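# Observations on the model geometry
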Amino acid sequence: KLEYSGWACKFSFAFLSPRNPEQKIIKRVIALEGDIIKTIGYKKKYVKVPHGHIWVEGDHHGHSFDSNAFGPVSLGLLHARATHILWPPQRWQKLQPMLPPERKPLQREQE
């Protein structure tokens, strides 16, 4: 289980696409299991992230293939934490941990 200790919901992770397991995608973790998130264009306005899942979003809302398109992502698809952008070369940079304030979960499940 990913713990919300401030790190998990700030970093970007690589995972297998829920729609195409041959494709790896990188998105920022926005919410963890048990969290309630207000979605951006998903079929439901609010979602409680199910056990064993995370909610991921790209940094360019409305132009990103993320949980707003395919829903919560199984932790079993998680592959690695993304730390840098390497391609194309003009975009080389270290990925900074951040969670936009407007994308924080509305409610966090208490342990």
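The structure we're discussing is the one just above.
Nothing here was measured: the structure is a model prediction, and the numbers come from that model.

How each quantity is defined
- Position numbers for residues start from 1 in each chain and track the written sequence from start to end.
- A pLDDT threshold of at least 70 governs which residues receive local features in this predicted model, and a stricter bar of 80 or more applies before side-chain atom pairs are shown or counted, although totals over entire chains, interfaces and linings include all residues.
- Computation of side-chain values covers all heavy atoms of the structure but excludes hydrogens and water.
- Helix and strand definitions here come from DSSP, where helices need a minimum of 4 consecutive H or I residues and strands a minimum of 2 consecutive E residues; each element is numbered from the N-terminal end.
- Partly exposed describes any residue whose relative accessible area lies between the buried limit of under 20% and the exposed limit of over 50%, with all areas from a 1.4 Å probe on protein chains only and scaled to the type maximum.
- In this analysis, two residues are considered to be in contact whenever any of their non-hydrogen atoms come within 4.5 Å of each other.
- When DSSP locates at least two bridges between a pair of strands, those strands are taken to pair.
- The way it works is a 1 Å grid over only the protein atoms, where trapped points that fit a 1.4 Å probe form a cavity and open points with protein on both sides within 12 Å along at least five of seven lines form a pocket, and then any residue with an atom within 4 Å of a point lines it.
- Grid points are joined across faces, edges and corners, and a volume is the space filled by probe spheres set on the points.

### Quick notes on the overall build of the chain
Regarding its fold elements, the chain presents 1 helix and 9 strands. Going residue by residue from the N terminus, the α and β elements of the chain occur as β-β-β-β-β-α-β-β-β-β. Across the 111 residues of the chain, 41% fall into the buried class. The contacts in the chain between residues at least 6 apart in sequence include a share of 52% that link residues at least 24 apart.

### Points about the sheet that holds strand β1 (residues 12–16)
Strand order in this open sheet of 5 strands is β6-β5-β2-β1-β7, and the pairing throughout is antiparallel. Either end of the sheet is taken by a strand with one partner, and the two such strands are β6 (73–74) and β7 (78–82). One ladder, built from 2 bridges, connects strand β5 (residues 53–57) with β6; its direction is antiparallel. Looking across to β6, one finds that H53 is bridged to S74.

### What to know about the layout of surface pockets
Volume-wise, the largest pocket comes out at about 450 Å³. Around the largest pocket sit 19 residues that line it, and I26, D59, I85, R91 and L95 are the ones nearest its centre. Among the secondary structure elements, those contributing two or more residues to the lining of the largest pocket are β2 (24–32), β8 (84–85) and β9 (93–94). When residues in the lining of the largest pocket are grouped by element, the largest group, 3 residues, is from β2.

### A look at the pairing of β5
In terms of residue burial, β5 counts as a mostly covered element, since 4 of its 5 residues are buried. Across 4 bridges, the pairing between β2 and β5 is antiparallel. By the bridge assignment, A31 is partnered in β5 with W55.

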